[in-house]
Amino acid sequence: MNAVQNYLEINRQSWNNRIETHLQSEFYDLNSFLEGKTSLNDIELKLLGDIKGKRILHLQCHFGQDSISLSRLGAEVTGVDLADKAIQRATKIAQDTNSNANFICCDIYDLPNHLDKQFDIVFTSYGVIGWLPDLDKWAKIISKFLRPGGKFVFVEFHPVVWMFDENFEKIAYNYSNSGAIVESENGTYADKTASISQENVTWNHSLSEVITSLIKNGVEINSFDEYDYSPYNCFNKTIEIAPNKYRIAHLDNKIPMLYSIVATKKIDR
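Residues numbered from 1 in each chain as written. Predicted model: local features only at pLDDT ≥ 70, side-chain atom pairs only at ≥ 80, totals over all residues. Heavy atoms only, no water.

A. Main features of the overall build of the protein. Along its length, the protein carries seven helices and eleven strands. With the C-alpha coordinates of the protein rotated into their principal frame, the extents come out at 50 × 45 × 40 Å. Counting the 269 residues in the protein, one finds 52% classified as buried. For the protein, the computed accessible surface area is about 12700 Å², with 45% contributed by carbon and sulfur atoms. Of the side chains in the protein, 27 bear a positive and 35 a negative charge, and the two mean positions are spaced by 6 Å. (Helix = DSSP H or I, 4+ residues; strand = E, 2+ residues; numbered from the N terminus. Buried < 20%, exposed > 50% of the residue type's maximum accessible area, 1.4 Å probe, protein only. Areas by Shrake-Rupley, 256 points an atom, 1.4 Å probe, with all protein chains shown as cover. Lys, Arg positive; Asp, Glu negative; His and termini not counted. Charge placed at Lys NZ, Arg CZ, Asp CG, Glu CD.)

Encoded structure:
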């Protein structure tokens, strides 16, 4: 079996391999989180609005910080992730912080075999869709688990970012999906000096692919925005232009770093 055919297991191992480093990293700042600091950024907080009493499905939740942060705002949250070690830690952190967030370990394409309910909001953010080969299947999952009239909130790194080499010196990858990208990595975005290495299988997805997949599956776009900064210092050659706002130093504001989508599940009439 080649890497593309075995992408789920390769990527599961990749994320399991990172988990201890991520838990100990300044990037995730787990100690402050345990003391009550939110892991959510202003961008998604504004897009989500008042979520008290809302049922939220959080796709690709890693070890659950954002899921638990959402629950602290009064939502009933279910987090989903492929990596079993991440979900184990998410469950433990939820217990330790008296959060009512609950977690499911599975590939999100397989979620209908693990969950049978609909939600007011489906949320997913930052470095998620690149791990998925088929966005039509992704949009079908979103549509299936959203109640009619429910809201999809999505914040993601801009596909222009993924066109560059790791030091943002030249264009190295296609803007559109041209097939799987199989790479090995030393360290991790949360700690580039960590003595770990892993293999990854990813895909680039254009804006048109994302938007069309949602529209085709009955999810109506309400807003689309682009941002010329990242709230995370997770790339090389960055500069902090304001608190928690990072750009690639030599590119300044010349490229988009993020985009966001808010969409609504259509109500059948």
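Next, the rest of the story.
B. View of helix H5 (residues 84-96). Over its 13 residues, H5 extends 18 Å from the first C-alpha to the last, a length consistent with the 18 Å expected when each residue adds 1.5 Å. Burial in H5 covers these residues: Ala86, Ile87, Ala90, Ile93 and Ala94. Along the axis of H5, the buried positions cluster into a sector of 125°, meaning they face one direction only. Pointing more than 90 degrees away from the buried face of H5 are the exposed residues Gln88 and Gln95. Looking at the buried side of H5, the elements it contacts are helix H1 (7-24), helix H2 (30-34), helix H4 (65-72), strand E2 (76-81) and strand E3 (102-105). (Expected span 1.5 Å × (residues − 1). Arc of directions from axis to C-beta. Contact = heavy atoms within 4.5 Å.)

C. Molecular detail of the packing of H1 against H5. Direction vectors running N to C along H1 and H5 enclose 40°, while the axes themselves pass 7 Å from each other. It follows from the interaxial angle that H1 and H5 lie oblique. Mapping the contact onto sequence places Arg12, Asn16, Ile19, Glu20 and Leu23 in H1 and Asp84, Lys85, Ala86, Arg89 and Ile93 in H5. In terms of residue class, the contact of H1 with H5 is built from four nonpolar, one polar and five charged. (Axes fitted to C-alpha atoms, helices over the stretch in contact; angles between N-to-C directions. Parallel < 35°, antiparallel > 145°, perpendicular 65-115°, else oblique. Nonpolar A, V, L, I, M, F, W, Y, C, P; charged D, E, K, R; others polar.)

D. Expanded view of the sheet that holds strand E1 (residues 55-59). With respect to topology, seven strands assemble into an open sheet ordered E3-E2-E1-E4-E5-E11-E8, the strand pairing being mixed. The sheet terminates laterally at E3 and strand E8 (219-227), the two strands that pair on one side only. Across the sheet, the mean angle from the axis of one strand to that of its neighbour is 15°, orientation sign disregarded. Inspection of the sheet shows strand E4 (residues 119-125) paired to strand E5 (residues 146-157) by six bridges, in the parallel sense. Counterpart to Phe123 in the pairing with E5 is Val153. On the sheet, H4 packs against E1, E2, E3 and E4 and is oriented at approximately 175° with respect to E2. (Pairing = 2+ DSSP bridges.)

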